[in-house]
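Report on the structure
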Amino acid sequence: MAGVPEAATGHAEAHAHHPPYLQHHFVSAEQQFDAAKLGMWLFLVTEILLFSGMFVAYAVYRVWHPEVFQAASKLLDWRLGGLNTIVLLTSSFTVALAVHYAQLGDKKRLVQNLWLTVALAGVFMVVKYFEYSEKFHHHIFPGGNYAYEGLQLPYVGQFFSIYFVMTGIHGLHVLVGMGVLTWVALKAQRGVFSSEYYTPVEISALYWHLVDIIWIFLFPLLYLIH
């Protein structure tokens, strides 16, 4: 029985030598970083599978009704879609800068670029709000609720079902990304991160890059097919 307290004492001493950011079940910061990155990549694979299913649905309906998709896509404003593409590409750049400055231990620029990324994500959602509002104003709804008199074709409601589902789920991912990046930015302001520890910054940046890449596919498929 005398070995139990000794083991506990040894464990406590070992834990005391760990830096505060290193969880006790990891041997080193490198192992913790690799585990976190692997977990995020596995999560991103599930996200890719989710959107792949929607892209397959889009391809099937597009092959079945190409004339409907070409006509319906003209009701989307490619200029607003293009603006949002530029906004998201810029946000990818700023979040990459955030990772860069985290690696350098530059707290000020890290925080600046994280908040700038959050702000750009907000711009994306504001533009999306105006897009959706304009569609609803003209009674452009998904599926059987479609009632826009300016374009009456069979299956046009299916195009807007795909449009609202794909862009809606993507928008939900943008909101999640804003929440995660806000949390990371607040921790960065408190000085939690350093050149030795910036795992949450890099992990959240990976997620944000995927959100941007998905939009890069959505924009031409939905807005530029005509």
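All of the points below concern the structure found in this document. Please read all numbers here as calculations on a predicted model, not as lab measurements. (Residues numbered from 1 in each chain as written. Predicted model: local features only at pLDDT ≥ 70, side-chain atom pairs only at ≥ 80, totals over all residues. Heavy atoms only, no water.)

With that settled, consider the overall build of the chain. Counting its regular elements, the chain contains seven helices and zero strands. Whereas a compact globule of 226 residues would reach a radius of gyration of roughly 17 Å, the chain reaches 23 Å, over 25% beyond that. Dimensions of the chain, computed from C-alpha atoms along their principal axes, come out at roughly 80 × 40 × 25 Å. Considering the chain as a whole, with its 226 residues, one finds that 40% of them fall into the buried category. (Helix = DSSP H or I, 4+ residues; strand = E, 2+ residues; numbered from the N terminus. Rg over C-alpha atoms; globule rule 2.2 N^0.38 Å. Buried < 20%, exposed > 50% of the residue type's maximum accessible area, 1.4 Å probe, protein only.)

Quick look at the environment of His-209 now. Positionally, His-209 belongs in helix α7 (residues 199–223). You can call His-209 partly exposed: its relative accessible area is 26%. Distance from His-209 to Phe-93, taken between C-alpha atoms, is 9.3 Å for residues 116 residues apart in sequence. Other than its neighbours up to four places away in sequence, His-209 contacts Ser-92, Val-95 and Ala-96. (Contact = heavy atoms within 4.5 Å.)

In this model helix α2 (residues 29–64) runs 52 Å from its N-terminal to its C-terminal C-alpha over 36 residues, within 8% of the 52 Å that 1.5 Å per residue would give. Among the residues of α2, those classed as buried are Gln-32, Phe-33, Met-40, Leu-44, Glu-47, Phe-51, Met-54 and Tyr-58. Looking at the packing, one finds that the buried side of α2 touches α3 (66–73), α6 (156–189) and α7. (Expected span 1.5 Å × (residues − 1).)

Take the packing of aromatic side chains next. As enumerated under the stated definition, the model contains 22 aromatic pairs in all. Ring plane angle 15° and centroid distance 5.4 Å describe the contact between Phe-136 and Phe-141, whose orientation is recorded as stacked. A relative accessible area of 37% places Phe-136 in the partly exposed class. Overall, Phe-141 belongs to the partly exposed group, its relative accessible area being 26%. (Phe/Tyr/Trp six-rings, centres within 6.5 Å; stacked < 30°, edge-to-face > 60°.)

We now examine the packing of helix α5 (residues 107–137) against α6. Remark: α5 packs on α6, axes separated minimally by 9 Å, with the N-to-C direction vectors making an angle of 155°. With respect to each other, α5 and α6 are oriented roughly antiparallel. Judged by the sense of rotation from one axis to the other, the crossing of α5 with α6 is left-handed. Considering only residue class, the contact of α5 with α6 consists of 20 nonpolar, eight polar and four charged. (Axes fitted to C-alpha atoms, helices over the stretch in contact; angles between N-to-C directions. Parallel < 35°, antiparallel > 145°, perpendicular 65-115°, else oblique. Left-handed = near helix turned anticlockwise from the far one by under 90°. Nonpolar A, V, L, I, M, F, W, Y, C, P; charged D, E, K, R; others polar.)

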